[in-house]
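For reference, the chains in residue letters:
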Amino acid sequence: YESQGTSGCGIEVDGNVHAAGYADTLTLIRDGERGLESAAAVAEGSEPIAVDRLLAPLTNPGKIFGSGVNYASHGDEEPGFVFPDEKVIVGFIKLPSAIVGPGAEIVIPPNDDVIKRMPGDTTGPLRDYGFAVDYEVELGVVIGTRAKNVRAEDALNHVFGYTVINDVGSRSVQFHNAQVDMGKNFDTFCPMGPCIVTKDDLPDWASIRIQSFVNGELRQDALAGEQLGPPPVAIEWLSSVITLDP
């Protein structure tokens, strides 16, 4: 949050925010059980603060991995789409520089003649809409303890909690020479928040329902349990290659 010119990590209780005593959420997470215990004590024994603006609950993560084509309903959105025989985690990366907080503006750059987009007739309607900016609601899984070569059955032991991410992307850049990471990492293309819900408050991740609305119209609606590559599988797959840090 921001309050009177300073920022910090807060704990939400009954719609009010209490200062957690940490400069940011990442510091609290790295403090492990002591961080959670401190947060609980603050929530019970302090007065709420006046918040000027909510920031993203994680403003400075080391890395963010995305799992693309992770719902069978993706096929409903794109007629003719064929899923691979193996349910492979199709990965991409979101950069911390793309993160903005809840309610912040998503900015489409005005200089849309700089980055080359899909060439040829296959461009179709994408060229008609410049950067062809799109939305994807995502369940954000926040790692709590270092994970390397973790098996799926142990994966949730490394999870701190969950948040909501809007995986904004420029389709016309993404599909030009397979520049997926470029298309998904314009500044402001990773709205996040407003909060992280700790794992103990959401013990059944599969029952989490995520939705997106565009101009008041429901566009996406799914249970996390419908994912083809759910969090335990994704953590196993990713940690076999790259260390996942808090």
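Notes on the structure follow.

Analysis parameters
- As a convention, each chain's residues are numbered from 1 in the sequence order in which they are written.
- The predicted origin of the model limits local features to residues at a pLDDT of at least 70 and limits the giving and counting of side-chain atom pairs to 80 or more, whereas totals for whole chains, interfaces and linings rest on all residues.
- Think of the side-chain values as coming from all heavy atoms in the structure, minus any hydrogens and water.
- A run of DSSP states H or I qualifies as a helix once it reaches four residues; a run of E qualifies as a strand once it reaches two. Both are numbered from the N-terminal end.
- In this analysis, two residues are considered to be in contact whenever any of their non-hydrogen atoms come within 4.5 Å of each other.
- Summary of the burial criterion: residues with accessible area below 20% of their type's maximum are buried, those above 50% are exposed, and those between are partly exposed, where the area comes from a 1.4 Å probe applied to protein chains only.
- Along the arc lie the directions from the helix axis toward the C-beta atoms.
- The criterion for strand pairing is that DSSP finds at least two bridges linking the strands in question.
- In these notes, a set of buried Ala, Val, Leu, Ile, Met, Phe, Trp, Tyr and Cys residues joined through side-chain atoms within 4.5 Å is what counts as a nonpolar core.
- Between the first and last residue of a helix there are one fewer steps than residues, each counted as 1.5 Å, and that sum is the expected span.

What about the environment of threonine 25?
Move 1: Relative to the assigned elements, threonine 25 resides in helix 1 (residues 25–30).
Move 2: When the C-alpha positions of threonine 25 and isoleucine 196 are compared, they lie 9.3 Å apart, and in sequence the two are 171 residues distant.
Move 3: If sequence neighbours within four positions are ignored, threonine 25 has contacts with Cys9, Pro57, Leu58 and Ile196.

With respect to helix 6 (residues 231–239)
Move 1: Buried residues of helix 6: Pro231, Pro232, Ala234, Ile235, Leu238 and Ser239, and no others. For helix 6, the arc enclosing every buried residue in end-on projection is 165 degrees, short of the 170-degree limit, so these residues lie on one face.
Move 2: In the core, the buried residues of helix 6 are packed alongside strand 5 (64–68), strand 9 (137–143) and strand 10 (159–166).

Some details on the sheet that holds strand 13 (residues 197–198)
Move 1: Taken in spatial order, the three strands make up an open sheet running 9-10-13, and their pairing is antiparallel. The strands lining the two open edges of the sheet, one partner per strand, are strand 9 and strand 13.
Move 2: When strand 9 meets strand 10, the two strands line up antiparallel, connected through seven bridges. What sits directly across from glutamate 138, in strand 10, is isoleucine 165.

Side note on the nonpolar core
Move 1: Membership of the largest hydrophobic core comes to 19 residues, with the highest contact counts inside it found for Leu28 and Leu58.
Move 2: Secondary structure elements with two or more residues in this core: strand 3 (9–13), strand 4 (16–22), helix 1 and strand 10.
Move 3: Considering every element that reaches this core, the biggest residue donor is helix 1, with three residues.
Move 4: When neighbours within four sequence positions are excluded, leucine 58 is seen to be in contact with Thr25, Leu26, Ile29, Ile99, Val142, Met192 and Ile196.
Move 5: Val150, Val159, Ile208 and Ala222 belong to the second-largest nonpolar core, a separate cluster that totals 17 residues.

Some words on helix 2 (residues 32–45)
Move 1: Under the 1.5 Å per step criterion, the end-to-end length of helix 2 is 20 Å for 14 residues, consistent within 8% with the ideal 20 Å.
Move 2: For helix 2, every residue scored as buried is listed here: Gly35, Ala39 and Val42. Taken down its axis, helix 2 places every buried residue within 65 degrees of arc, on the same side. In helix 2, those exposed residues whose orientation departs by more than 90 degrees from the buried face are Glu33, Arg34, Glu37, Glu44 and Gly45.
Move 3: Elements that come into contact with the buried residues of helix 2 comprise strand 3, strand 4 and helix 1.

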